[in-house]
Amino acid sequence: MEQSKNNSHLIILGIESSCDDTSAAVWKNGNICSNVVASQEIHKEYGGVVPEWASRKHQQNILPTVQISLEKAGITLAEVDAIACTQGPGLMGSLLVGHSFAKGLAMSVNKPYVNVDHIDAHVLAHFIDGDTPKLPFLCLLVSGGHTQIVTVDTDYQIDVLGKTIDDAAGEAFDKAGKMLNLPYPAGPHIDRLAKQGNPNAFTFNTPKVDGLNFSFSGLKTSILYFLQKEVRKDKDFVQNNSSDLCASIQHTIVSYLICKLEKAMDQTGILEIGIAGGVAANSELRTALLNLAATKSGKAYIPKFEYCTDNAAMIAYAGGIKLKNENYGTLTDVCYTRKK
Ligand code: KG4
Ligand code: ZN
């Protein structure tokens, strides 16, 4: 790809700490040479990410994660051309750890520091390697914190066409899973159990929002009221119907996402489509994306799994694009919790 060739001479260290994964990666000679992720198991005990714990764990993990990443890539810090780090959106305490660390590191070796937007990086993960999309490209970004439909145009200009007005798609999976007594994060468990269930066993209200925006809070309430009603009649209802419940909830969320993506294709005329973010691991969503592309004579793209969940490879790669466009940000830039 053009962009990769232009950046192939650069060595970029990427750092990511926006939520509960500490990650460091090295982009070198047009390839990702290391992508180390330190996940924080502690949040499972609480059924969701505890911001205070997340910041503390980042403090413990950041230095070894960066060191291992450099070692795996076979380079020293002095060889790095630039250091890129997530500026936002995310949890403020978590962002501050990576951001401050990366700025200090850049200053210590007198190399450029590059601010990267976490959501843009998830979308740009499509261009890291393999069969990359042609521009313009239409991407559905679905993670635990974000749900957006964006276009990627010349010079990797990203424009948002629609986004959630409340919860994210991953949050909908996780909150529904909590009601079904599944461990956090519930998305992969729902995906697994849904494989044995009937997607049409139960019907939940599909959220109604105009245009290309999304809403998931109504779905959460609809599931809650339905379960409360059924459990009053049969206290073992959830336990006895877990596969059908998972299949029906997953089908509702996936159909809703794909319906909006189809609408975006019709509005823009773009036939190169993709999904990014942690929910892109969902098997029904992946199949539905491929089917949508086939129906519209388009082409579907899904980044490698390790570039879908939170990772620093996408930060290093997006940092390279910003560096080439001379769009660095400055050492006095501050982190942000929500997309600007
Ligand atoms: O992108 P990500 O790793 O972190 C954030 O930036 O949020 O996404 C995590 C989200 C969680 O909500 C998790 O439940 C969801 O991705 N997820 C899935 C699957 N794997 C991860 N949701 C549905 N099906 C999956 N297979
Ligand atoms: Zn993310």
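Conventions and cut-offs
Residues numbered from 1 in each chain as written. Chains lettered and ligands numbered in written order. Predicted model: local features only at pLDDT ≥ 70, side-chain atom pairs only at ≥ 80, totals over all residues. Heavy atoms only, no water. Near = heavy atom within 4 Å. Polar contact = N/O pair within 3.5 Å; in protein donor to acceptor, adjacent residues only side chain to side chain. Areas by Shrake-Rupley, 256 points an atom, 1.4 Å probe, with all protein chains shown as cover. Helix = DSSP H or I, 4+ residues; strand = E, 2+ residues; numbered from the N terminus. Domains from an automatic or database assignment. Expected span 1.5 Å × (residues − 1). Donors = N, O, S within 2.8 Å, 3.2 Å for Na, K, Ca; no water. 1 Å grid on protein atoms, 1.4 Å probe; cavity = no way out; pocket = protein on both sides within 12 Å on 5 of 7 lines; lining within 4 Å. Points joined across faces, edges and corners; volume = space filled by probe spheres on them. Nonpolar A, V, L, I, M, F, W, Y, C, P; charged D, E, K, R; others polar.

Participant: Quick question: what am I supposed to make of the site of ligand 1 here?
Facilitator: Taken together, the neighbourhood of ligand 1 is formed by 20 residues, with Gly 144, Asp 174, Asp 191, Gly 278 and Asn 282 sitting nearest. Residue Gly 278 places a main-chain N or O atom 3.0 Å away from an oxygen atom belonging to ligand 1. At 3.0 Å, a side-chain N or O of Asp 310 approaches an oxygen atom of ligand 1. Bound to the protein, ligand 1 loses 88% of the 550 Å² it would expose on its own. Within the residue set of the shell around ligand 1, elements represented by two or more residues are α4 (118-124), α5 (169-179) and α6 (187-194). Mapping the shell around ligand 1 onto the domain boundaries places at least three of its residues in each of domain 1 (7-125 + 308-324) and domain 2 (132-303).

Participant: Can you help me understand helix α9 (residues 242-268) in this one?
Facilitator: Given 3.6 residues per turn, any residue in an α-helix points the same way as the ones three and four places further on. Compared with an ideal rise of 1.5 Å per residue, which puts 27 residues at 39 Å, α9 spans 39 Å between its outermost C-alpha atoms and is within 8% of the ideal. Phi for Gly 269, located one or two positions after α9, is positive at around 75°.

Participant: Explanation requested: the coordination of the zinc ion (ligand 2) in the structure shown.
Facilitator: Six octahedral donors around a metal ideally make angles of 90 or 180 degrees; four tetrahedral donors ideally make 109.5 degrees. Around the zinc ion (ligand 2), the donor atoms from the protein are His 118 (NE2), His 122 (NE2) and Asp 310 (OD), and they sit 2.1 to 2.2 Å away. In the primary structure, the donors to the zinc ion (ligand 2) are separated according to the pattern H-x3-H-x187-D. In this pair, His 122 sits in helix α4 while Asp 310 sits in the loop between α11 (305-308) and α12 (313-324), placing the two residues 188 residues apart along the sequence.

Participant: What is the right way to read the layout of surface pockets from this model?
Facilitator: To find leftover empty space, a probe the size of one water molecule is rolled over the atoms. Of the voids in this model, the second largest pocket is the one considered here, and its volume is about 420 Å³. Lining the second largest pocket we find 20 residues, and of these Asn 115, Asp 117, Asp 120, Lys 322 and Asn 327 sit closest to its centre. Those elements that place two or more of their residues in the lining of the second largest pocket are β5 (113-117), α4, β8 (157-163) and α12. The class makeup of the residues in the lining of the second largest pocket is eight nonpolar, six polar and six charged. Among the domains, domain 1 (7-125 + 308-324) and domain 2 (132-303) are the pair contributing at least three residues each to the lining of the second largest pocket.

Note that every value here comes from positions in space, so none of it alone points to a role or purpose.
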